[in-house]
Amino acid sequence: MNIHEYQAKELFQKYGIPVPAGAACRAGNEFDTALAGLPDEALVVKSQIHAGGRGKGTFTDGYQGGVKVVKSRAEAREAAAKMLGNTLVTHQTGPEGRKVQTVYFTQASDIVKEYYLAIVMDRATSSPVIIASTEGGVDIETVADQTPDKIIRVTVDPLLGLKPYQAREVAFGLGFKDDQFKQMVKLLANLYRLFWEKDCSLLEINPLVTTPEGKIEALDAKVNFDDNALFRLPDIAALRDLNEEDPKEIEASKYNLNYIALDGNIACMVNGAGLAMATMDIIKHFGGSPANFLDVGGGANAEQVTQAFKIILSDPNVKGILVNIFGGIMKCDTIATGIIEAAKAVKLDRPLVVRLEGTNVEAGKKLLGESGLAIEPADTLAEAAEKIVNLVGKA
Amino acid sequence: MSVLVNKNSRILVQGITGKAGSFHAQQCLDYGTNIVAGVTPGRGGSTFEKKVPVFDTVGAAVRETGADVSMVFVPPPFAADSILEALDAGIGLVVAITEGIPVKDMAEVKGKLLSTGARLIGPNCPGIITPGECKIGIMPGYIHKPGRVGVVSRSGTLTYEAVWQLTSRGHGQSTCIGIGGDPINGTSHLDCVKLFNEDPDTDAIIMIGEIGGTAEEEAAAYIKEHVKKPVAAFIAGTTAPPGRRMGHAGAIVSGGKGTAEAKIAAMREANIAVAETPSDMADALLRVYKP
């Protein structure tokens, strides 16, 4: 799960990680109260959406920049009014952009130097890894690619936690001395504590800066949490912003369906994540374009199948459907019953190809054949994919 | 012969009285798996299906029954604790079926695992089966057939697809291992490839991977250097968009890493027969394996 920058910075403050003073607003009438707590001088106004590239983004009405540096409260109010409720398009949002529902005011910091600092759960070592660099404020993947010697990596033993010598290694590696060295060691300890206690999969500060007063501050904050751990983190789960998610994906999650919207026109419904991915791949292989990823799981029942049909048919781009079920524990006749009920309930009006394999497959096929519905059967995955692509037309 | 499990394996089921645990324990018993004990804290002294004794702790179950493999069906919030309990009780092979265990919990388990010498398969996996001898997991038993092809995969139903293609063409399997779709798991593709390579009763290997991480590349590098047996592979997720988690927590392309293209290139480099589509997995193997 992702959260907004302002939410991440509030978490940082709770964990003693210094951030510039700031306040968030969800409505125009909150601007004055929010700005009253900030000095009437250089401020930054930031659109809060779950996508990068905000500064270089453009709003759909032509207004430039989702992040603005301004000189006064009055200018801040003006910029925020332009952003709030407007739709921001960045290189990460896609052409449809994202509606800005919250703006965040922060004090503008004078910057001496920019750094990069992150903690990620690294699958190769099965451990948290701290990544730091003196090359902050730029794309870290470019730094890693072109000047890998400028990247500091420290692997933390999950059973021991971050040890002081490891924090020193990072702080010295970034060239800090004296008081700033002490600030950095403390910041690292606090950041790791946040990472571990709140089940983060990624904590990223880019840039982390030093100011003319000698302070170290996190100017940006990106935090991802492990979805599997949200059951034990009610405070974090409460930060979820449904406005940032596809309504179809939210609907799917209510029924324990794993759905991801894509931009093609052939919807698929599959059991199992790997087979669902492979089904998308084979649609593409035969020249079609998948409209979604949808894993109904190993134990889907008739209701889930019906809901899944409703969700995929609510996408106006969908011109046909491919159902691919390898019935193991889930029997094919149960699935067939679900498909028939669903097709009737949603008044299916688009081509449907069904490939069933596994337990009770003959009974399942018989049910589909006798249903009176226009269902195109297929025996193999390749045959099913070819059929639906021919019915819908190539992408 | 086979790898890791056979008809002599003595299986313990953790979470045997739960909904999923009891259903699948019964399925495994029906297949002929030698289930010797169950564990559910607070249910010790009872009996599962009138024949399997249930214990409060793994330690007691191991002492009383000599169980040497554990199958874990415990719900996600408590699953890591159950795996640790099995490791502490001296279980040599833990098969964790549970889906949705927090990654942090698995990082702790992995840390502990390294100091015990035990093996963990999963979590979030279909389990392991040596056809005709021992089924530990949720895979449908009847699609398998005893034989000489080893199958390793992160994905459950995609494994069934490969197994079914083999069985339909008359080729059986030595052992099929589902290693699970989580970013941190106990056993890697590479571990399984090594086991199959050393097993005298495995003649060929199908390896099924998916986007995310670099485990498939590591296995391919090993195969290139050390494996003479024919290997076929399929990588799922060629069409998955970057930055989106495709069901499995591990299946995500991020920062340009873990793409299907990179994995397929590594496979070809190692002379592995790469299946063009998921329908082609058995045929890809049979193009290089002539039993």
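Small disclaimer: the values here were computed from a predicted structure and weren't measured.

### Observations concerning the overall build of chain B
Each helix and strand in chain B was counted, giving nine helices and 14 strands. Its C-alpha radius of gyration of 18 Å places chain B within 12% of the 19 Å reference for a compact globule of 291 residues. Dimensions of chain B along its principal axes, counting C-alpha atoms only, are 55 × 40 × 30 Å. Residues counted as buried form 64% of the 291 residues belonging to chain B. A separation threshold of at least 6 residues defines the contact pool for chain B, and within that pool the share at least 24 residues apart is 72%. Accessible area for chain B stands at about 10,300 Å²; split by element, carbon and sulfur atoms hold 50% of it. Averaging the coordinates of the 27 positive side-chain charges in chain B and doing the same for the 29 negative ones gives two points 2 Å apart.

### Quick word on the sheet that holds strand β6 (residues 98–99) of chain A
All names here are of chain A. Pairing is antiparallel across the open sheet formed by three strands, whose spatial order is β3-β5-β6. Every interior strand has two partners, whereas the edge strands, β3 (58–59) and β6, have only one. Note: strand β5 (residues 87–89) against β6, two bridges, orientation antiparallel. For T87, the partnering residue across the bridge sits in β6 and is K99.

### What about unusual backbone geometry?
Following N206 of chain A, the chain continues to P207 of chain A via a peptide bond in cis, the omega torsion being 10 degrees. Omega for the bond connecting G122 of chain B with P123 of chain B falls within 30 degrees of zero, at 10 degrees, which places this linkage in the cis form. Positionally, P123 of chain B belongs in the loop between β7 (119–121) and β8 (127–130). Despite not being glycine, K347 of chain A has its phi angle at roughly 50 degrees, a positive value. Residue placement: K347 of chain A occurs in the loop between α11 (332–345) and β18 (352–358). Under the relative-accessibility criterion, K347 of chain A is labelled exposed at 68%. Of note in the backbone geometry, L4 of chain B takes a positive phi value of approximately 65 degrees without being a glycine.

### Digging into the interface of chain A and chain B
Between chain A and chain B, the residue contacts involve 43 residues of the former and 51 residues of the latter. Carbon and sulfur atoms supply 63% of the area that chain A and chain B bury against each other, a total of about 3,800 Å² over both sides. Linking chain A to chain B there are three salt bridges. Linking R232 of chain A and D105 of chain B is a salt bridge whose minimum nitrogen-to-oxygen distance equals 2.8 Å. Linking chain A with chain B are 13 residue pairs in polar contact (both at pLDDT 80 or more), by the criterion used here. Mapped by element, the contributors of at least two residues to the side of chain A that touches chain B are α6 (178–197), β14 (258–261), α9 (273–285), β17 (320–327), β18 and α13 (381–392) of chain A. The dominant element in the side of chain A that touches chain B, judged by the number of residues it contributes, is α9 of chain A, at ten residues. Tallied by class, residues from the side of chain A that touches chain B come to 19 nonpolar, twelve polar and twelve charged.

### Quick notes on the pattern of salt bridges
A pair can form between side chains of opposite charge whenever their charged atoms are brought close. This structure, assessed with the given rule, holds 31 salt bridges over all chains. Close ionic contact of D199 of chain A with R232 of chain A constitutes a salt bridge, the shortest N to O distance being 2.8 Å. Highlighted residues: D199 of chain A in the loop between α6 and β11 (200–210) and R232 of chain A in the loop between β13 (222–225) and α7 (234–237), separated in sequence by 33 residues. The buried category is assigned to D199 of chain A, whose relative accessible area is 3%. Assessed through its relative accessible area of 31%, R232 of chain A is described here as partly exposed. Between D203 of chain B and R148 of chain B there is a salt bridge, with the nearest N and O atoms lying 2.5 Å from each other. With a gap of 55 residues between them, D203 of chain B in the loop between α6 (189–198) and β12 (204–210) and R148 of chain B in strand β10 (residues 146–153) connect regions that are remote in the sequence. For D203 of chain B, a relative accessible area of 28% corresponds to the partly exposed category. Each of E5, K9, K46, R54 and D220 of chain A takes part in one network of salt bridges that share partners.

### Observations regarding helix α7 (residues 215–226) of chain B
Along an α-helix, residues three or four apart share an orientation, since each turn contains 3.6 residues. Residue and element names in this part refer to chain B. Compared with an ideal rise of 1.5 Å per residue, which puts twelve residues at 16 Å, α7 spans 17 Å between its outermost C-alpha atoms and is within 8% of the ideal. Taken residue by residue, α7 has E216, E217, A219, A220, Y222 and I223 as its buried positions. On the buried face of α7, the contacting elements are α6, β12, β13 (231–236) and α8 (260–269).

### Quick look at the packing of helix α5 (residues 164–173) of chain A against α6 of chain A
Residues and elements named next belong to chain A. Running from N to C, α5 and α6 point in directions that differ by 130 degrees, and their axes come no closer than 9 Å. Relative to α6, the element α5 is oriented oblique. Remark: the crossing between α5 and α6 carries right-handed chirality. Listed contacts from α6 to A167, R168, V170, A171 and F172 of α5 are F181, M184, V185 and L188. Residues of the contact of α5 with α6, tallied by class, amount to eight nonpolar, no polar and one charged.

### Some remarks on the packing of aromatic side chains
All names here are of chain A. Considering all chains together, one arrives at nine aromatic pairs over all chains under this definition. Taking the centre distance of 5.7 Å and the plane angle of 45 degrees together, the rings of F59 and Y63 count as tilted. By relative accessible area, F59 is classed as buried at 2%. Note on Y63: relative accessible area 17%, which makes it buried. Ring geometry for Y115 against F176: centres 4.8 Å apart, planes inclined by 40 degrees, an arrangement best described as tilted. Residue Y115 is located in strand β8 (residues 113–122), and its partner F176 is located in the loop between α5 and α6; the two are separated by 61 residues in the primary sequence. When its relative accessible area of 6% is taken as the criterion, Y115 is described as buried. For F176, a relative accessible area of 3% gives the class buried. Members of the aromatic cluster, connected to one another through ring pairs, are Y192, F195 and W196. Stacked on the ring of Y115, the Lys or Arg K113 has its end atom at 5.3 Å from the ring centre.

### Some words on the sheet that holds strand β4 (residues 67–70) of chain A
Residues and elements named next belong to chain A. As summarised here, the arrangement of the four strands in space is β1-β7-β2-β4, forming an open sheet in which the pairing is antiparallel. Pairing within the sheet leaves two strands with one partner each, and these edge strands are β1 (22–25) and β4. Between one strand axis and the next, the sheet turns by 20 degrees as a mean value, whatever way the strands run. Where strand β2 (residues 43–47) meets strand β7 (residues 103–107), five bridges bridge the pair, whose relative direction is antiparallel. Along β7, the bridge assignment pairs K46 with Y104. Against the sheet, helix α1 (residues 5–14) contacts β1, β2 and β7, and its axis sits at roughly 45 degrees relative to β7. Most of the contacts of helix α3 (residues 73–83) go to β2, to which it runs at about 10 degrees, and overall it touches β2, β4 and β7.

### Quick look at the confidence of the model for chain B
Detailed reading of the predicted coordinates is not advisable wherever pLDDT falls low. Looking at chain B, pLDDT values average 93 and 97% of them are 70 or higher. Reported confidence for the predicted complex is 0.89 by ipTM and 0.91 by pTM.

Basis of the calculations
Residues numbered from 1 in each chain as written. Chains lettered and ligands numbered in written order. Predicted model: local features only at pLDDT ≥ 70, side-chain atom pairs only at ≥ 80, totals over all residues. Heavy atoms only, no water. Helix = DSSP H or I, 4+ residues; strand = E, 2+ residues; numbered from the N terminus. Rg over C-alpha atoms; globule rule 2.2 N^0.38 Å. Buried < 20%, exposed > 50% of the residue type's maximum accessible area, 1.4 Å probe, protein only. Contact = heavy atoms within 4.5 Å. Areas by Shrake-Rupley, 256 points an atom, 1.4 Å probe, with all protein chains shown as cover. Lys, Arg positive; Asp, Glu negative; His and termini not counted. Charge placed at Lys NZ, Arg CZ, Asp CG, Glu CD. Pairing = 2+ DSSP bridges. Buried area = accessible area lost by both parts, 1.4 Å probe. Salt bridge = Lys/Arg side-chain N within 4 Å of Asp/Glu carboxyl O. Polar contact = N/O pair within 3.5 Å; in protein donor to acceptor, adjacent residues only side chain to side chain. Nonpolar A, V, L, I, M, F, W, Y, C, P; charged D, E, K, R; others polar. Expected span 1.5 Å × (residues − 1). Axes fitted to C-alpha atoms, helices over the stretch in contact; angles between N-to-C directions. Parallel < 35°, antiparallel > 145°, perpendicular 65-115°, else oblique. Left-handed = near helix turned anticlockwise from the far one by under 90°. Phe/Tyr/Trp six-rings, centres within 6.5 Å; stacked < 30°, edge-to-face > 60°. Lys NZ or Arg CZ within 6 Å of the ring centre and 35° of its normal. pLDDT = per-residue confidence, 0-100.

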